Every structure is written in C-alpha cells, then in structure tokens.
Amino acid sequence: MQRCCTTTCDFLLEYDTPRIVLIKNKTVGVINRVVQLVIVAYVVGWELVWKRGYQQFDSTIGTVTTKVKGITVTNSSLVEERIWDPADYVIPSQQESSFFVMTNVILTKNQVQGRCPELPSKRTRCKSDSDCAAKIHSPLSNGAFTGKCVKYNKEVKTCEVFAWCPVEDDRVIPKPAILGAAEDFTVLIKNSIAFPKFDFTKRNILTNASAGYLKSCSFNREHDPFCPIFRLGDMVHEAGQDFQKLAVQGGVMGILIEWNCNLDQSPSKCIPKYVFRRLDNKHFHETVSPGYNFRFAQYFNINGTETRTLFKAFGIRFEIKVFGQAGKFDIIPTMITIGSGLALLGMATILCDLVVLYFLRKSRYYREKKYKHVDDCELGIETSDSYGAIQSSGNTN
C-alpha cells in the first residue's frame, strides 16, 4: 500500500473553500441577528445619516472684514476731557481677519528727546555717578545711561538716561479701565465664503437685509441670530468672561464662524454658527506678562521741537476664524459606504464561528461538521486500492 508523504511546505500548495453549515442553535442564532442588527444600525444611522456618507465634501474658503463703531468721553486725573471714536481706539484701522479695540491706556504727554532720570528700580537706583555706567542701555531701560546720578524726587536718586523725556511710568495700570465703555461698542462682521467644488458662495448677511435693518439690529442668539452686528460686551460674556475685568489689562478673544452646509437642501439653510472663546490665559495671577498691550506714539512739532505723546494701549484683540464644510450627494461615496457596511456584516459570521467552535459544549462536534479535509494522496491511494481489488476479482474468475 502506498503512503502519502507530507512536507512542511504543504501549506503553500493548499486551497480552502467555504463550506456552508446550517446550525440550528437558538443562542448562536440570537447572537447572529443582534450583531447584524447593530452593524446595519451603525452603517445606516451613523455612516449614512449622521455622517452623511452618501455625500461628497468640500472645505470652505472665506474672507472677513470688520468695522467697529462707538464713542465714549473720558475725564479723569489720568486723561483730561476727551472724546474717543474708532479712529482713536481701533489700532490699526484694518487688519486681516482680526481687529483690536483699546480699552485702557497709560498716556505720557509732551515727550521730547533729552536727558532725565530713569524710573526707580534695583538696577537704576544710585548714590553717586560711579553707580551708573555711561552709554549702557538695555531693552528694559527707557534710554541710554549718561553716567550721571541725578534726583528723581526728594528722597530717591536714579541714573540719568538719554531718552524721550519725561520717561513713561507704567507701574500703575488704571483701574477701572479708562475705556470701559467699550463694552457697548459694536462691530459689523462681513464674511463671504465659497465651496469651490460645488460652485457655491454665500455671505453671512442675508440677501434680503436692508440698510435700515443693519443700522438697528444687534446679534442675539435667540431673537436675531442672523444679524452680523455684535456688541463687544455680549461676545465677551458668551465666552464666560467679565468685560470690565478683561478691559484693565486686555486679552485675546476668538470669534469662530462655522459653516456646515448640506447642499442637498435649500441654500437658505446654509447659515453660519458663531462661537466666542477667550484664547489667552485668563488666570492673571498664574501668568507672567498677562493681558495684551503695545505702545504707539503721536508726533507733532512745538516751536520747532519734535514732541510726542506716548500711548501704552491695553485692549482686546479679536481673532476671527472661518471654517466648515459642505456636502452634496454623490454616487461614489454612497457605494463605498454601502460596500463597507456589507463587509462589516462578515463580522457577525466571525463572531458566531468563535462562539460555535470554541465556547459551546458541542464545539468539537461542530468543528467536525464545519471542516472537511481532502488530500489528493489519500484519493490516489483509495483509487489504487479499488483498482487492485477489481483485478484480484478478475484473476479469481
């Protein structure tokens, strides 16, 4: 009798084909249907409906312009009677996707270039000229040391500097903020977006909005959500901040404009969603150099002498971010989503096979029914044996 020889490389020359075994077991049947139901619900409910897997998507591109309006009058010991309008507190007047509103200020008036005492500090206090090194200056000083020790006041002496004099004294920040009335200022935000793949464009200003409407409306999430004019105090409040506290040292606010549009529906339903967030660290006591500020100067000439007024401006910088996507029906993503769902249905078979073949008490019996091994060598031996038996029978006759 012939023997079938096996080698370790036999698996390279093997082929397996599915075998259908109908198993009438209630436990396995329930597991199979439940898994199939979950997969179908996931594909239809989540992928097709919620995530709109039947659509092709495109990201938005857009542009933003702003215009701030509002006036206030100040009259205090720090700032004499003065009216402030957008030309004074919006600096610069135009920026790309952002704008700055000054809410507090330290003014140093009538500065001229000359020699004067530096502000008192550990580095600038002195008793004699030997304590002041001439021609030394640093980014922390208001000017270059002249090498002299001069009186700052009756009790204190400091090193003399060549600088714009008198030097700025910013050790005490005005509180409450000088321009705290900026809370009632408004900003008009004009946003235009496009989805190039679908040749779709839109603005955040309604097509039927009139000039009279824009002059009188104010954004309100409940009563007027389509008005593009926003009160600064309302935006800060929605971000969970106190405007008057924020106005003292300034900060950075984010205006997020989100466009998520279903272009299978009416274009009128493609509307922006506004979200307001504070972007800088609001915990001043935990932050080095908190808030937001910068300096600028106004120059003029008095009797032939160049003179300037120095502003240290504190305020709120509003950063505007536009993002979103649009979707529209397309047969290709639809077929891909359906195909992936059908492939996932195979998970039900795999899970049920694991239960049947490894966890049920009759698992060995089910494995014998599911797998059948067929070997060509054994088939040849059986054929040869049968042929030999026939020959033997013929010889007997």
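Residues numbered from 1 in each chain as written. Predicted model: local features only at pLDDT ≥ 70, side-chain atom pairs only at ≥ 80, totals over all residues. Heavy atoms only, no water.

Asks: Tell me about the overall build of the protein chain, and name the residues and values.
Replies: Assigned secondary structure in the protein chain consists of 9 helices and 14 strands. Computed over its C-alpha atoms, the radius of gyration of the protein chain comes to 40 Å, more than 25% above the 21 Å expected for a compact globule of 397 residues. Along the first, second and third principal axes, the C-alpha set of the protein chain runs to 145 × 65 × 40 Å. Burial status across the protein chain gives 36% buried among its 397 residues. Considering only residue pairs separated by 6 or more positions, the protein chain has 69% of its internal contacts joining residues 24 or more positions apart. In the structure as shown, the protein chain presents an accessible area of about 25,700 Å², 56% of it carried by carbon and sulfur atoms. Considering the protein chain, the positive charge centre built from 49 side chains and the negative charge centre built from 40 side chains are found 4 Å apart. (Helix = DSSP H or I, 4+ residues; strand = E, 2+ residues; numbered from the N terminus. Rg over C-alpha atoms; globule rule 2.2 N^0.38 Å. Buried < 20%, exposed > 50% of the residue type's maximum accessible area, 1.4 Å probe, protein only. Contact = heavy atoms within 4.5 Å. Areas by Shrake-Rupley, 256 points an atom, 1.4 Å probe, with all protein chains shown as cover. Lys, Arg positive; Asp, Glu negative; His and termini not counted. Charge placed at Lys NZ, Arg CZ, Asp CG, Glu CD.)

Asks: Kindly report on a positive patch on the surface, identifying the contributing residues and their values.
Replies: Positive charge collects at one region of the surface, where Lys67, Lys69, Lys190, Arg203 and Lys215 lie side by side. Among the structural elements, Lys215 can be located in helix H3 (residues 211–216). A relative accessible area of 77% means that Lys215 is categorised as exposed. (Patch = residues over 30% accessible without salt bridge, like charges linked within 9 Å, V, L, I, M, F, W, Y side chains within 5 Å. Salt bridge = Lys/Arg side-chain N within 4 Å of Asp/Glu carboxyl O.)

Asks: Account for the nonpolar core, with residues named and values stated.
Replies: Core analysis: the largest hydrophobic core is formed by 49 residues, its most contacted members being Tyr89, Phe99, Met102, Leu232 and Ile255. If we skip the residues at most four places from it in the chain, Ile255 touches Phe99, Ile189, Met235, Val275, Phe276, Phe318, Glu319, Ile320 and Lys321. Listed in part, the 11 residues of the second largest apolar core include Cys126, Cys132, Cys159 and Ala163. (Core = buried A, V, L, I, M, F, W, Y, C linked by side-chain atoms within 4.5 Å.)

Asks: Lay out the environment of Thr305 with the relevant residues and their values.
Replies: One can find Thr305 in strand S14 (residues 305–329). Overall, the relative accessible area of 38% leaves Thr305 in the partly exposed class. Expressed as a C-alpha distance, the spacing of Thr305 and Ile320, which sit 15 residues apart in the sequence, is 42 Å. Those residues in contact with Thr305 that lie beyond four places of it in its chain are Val112 and Phe300.

Asks: Let's hear about the packing of helix H6 (residues 331–344) against helix H7 (residues 346–359): which residues, and what values?
Replies: Across the interface, H6 lies against H7 with an axial gap of 4 Å and an inter-helix angle of 10°. One finds that H6 runs roughly parallel with respect to H7. For the pair formed by H6 and H7, the contact residues are Leu342, Ala343 and Leu344 on the first element and Gly346, Met347 and Ala348 on the second. Looking at the contact of H6 with H7, its residues break down into 5 nonpolar, 1 polar and no charged. (Axes fitted to C-alpha atoms, helices over the stretch in contact; angles between N-to-C directions. Parallel < 35°, antiparallel > 145°, perpendicular 65-115°, else oblique. Nonpolar A, V, L, I, M, F, W, Y, C, P; charged D, E, K, R; others polar.)

Asks: Lay out the state of the cysteines in plain terms, naming residues and giving numbers.
Replies: Think of a disulfide as a covalent bridge from one cysteine sulfur atom to another cysteine sulfur atom. Per the stated rule, a full pass over the model turns up 5 disulfides. Put simply, Cys261 and Cys270 are joined by a disulfide, and their sulfur atoms are 1.9 Å apart. Here the disulfide of Cys261 and Cys270 is right-handed, its torsion about the S-S bond being about 60°. The exposure class of Cys261 is buried, given its relative accessible area of 1%. (Disulfide = S-S within 2.5 Å.)

Asks: Tell me about the environment of Val49, and please be specific about residues and values.
Replies: As for its placement among the helices and strands, Val49 is situated in helix H1 (residues 26–50). Along the sequence, Val49 and Val167 sit 118 residues apart, while their C-alpha atoms lie 66 Å from each other.

Asks: Tell me about H6, and please be specific about residues and values.
Replies: Taking 1.5 Å per residue as the helical rise, H6 with its 14 residues ought to reach 20 Å, and the 20 Å between its terminal C-alpha atoms agrees with that figure. Residues Pro333, Thr334, Thr337 and Gly341 constitute the buried set of H6. The buried side chains of H6 occupy one side of the element, clustering within an arc of 105° when seen end-on. Exposed side chains of H6 directed beyond 90 degrees from the buried face belong to Ile331, Ile332, Met335, Ile336, Leu342 and Ala343. Buried residues belonging to H6 abut H1, strand S1 (55–59) and S14. Two or three places before Ile332, at the start of H6, stands the capping residue Asp330, its side-chain oxygen 3.0 Å from that residue's backbone nitrogen. (Expected span 1.5 Å × (residues − 1). Arc of directions from axis to C-beta. Polar contact = N/O pair within 3.5 Å; in protein donor to acceptor, adjacent residues only side chain to side chain.)

Asks: Would you mind going over the side chain of Glu160 in detail, with residue names and values included?
Replies: Structurally, Glu160 can be placed in strand S7 (residues 157–165). Buried within the structure, Glu160 lacks any salt-bridge partner; Arg115 is the closest side chain of opposite charge, at an N-O distance of 4.7 Å. Within the local environment of Glu160, its side chain forms a polar contact with the side chain of Thr146, the two groups lying 2.7 Å apart. Residues within four places of Glu160 in sequence aside, it is in contact with Arg115, Cys116, Pro117, Ala144, Phe145, Thr146, Lys148 and Val150.

Asks: Any chance you could break down the packing of H1 against H6 for me, citing the residues and the numbers?
Replies: Interaxial distance between H1 and H6 falls to 9 Å at its minimum, and their mutual angle equals 160°. The angle between H1 and H6 falls in the class roughly antiparallel. Here the hand of the crossing between H1 and H6 comes out right-handed. Touching Ile39, Tyr42, Val43, Glu47 and Leu48 of H1 are Thr337, Gly341 and Leu344, all from H6. Across the contact of H1 with H6, the residue classes tally to 5 nonpolar, 2 polar and 1 charged. (Left-handed = near helix turned anticlockwise from the far one by under 90°.)

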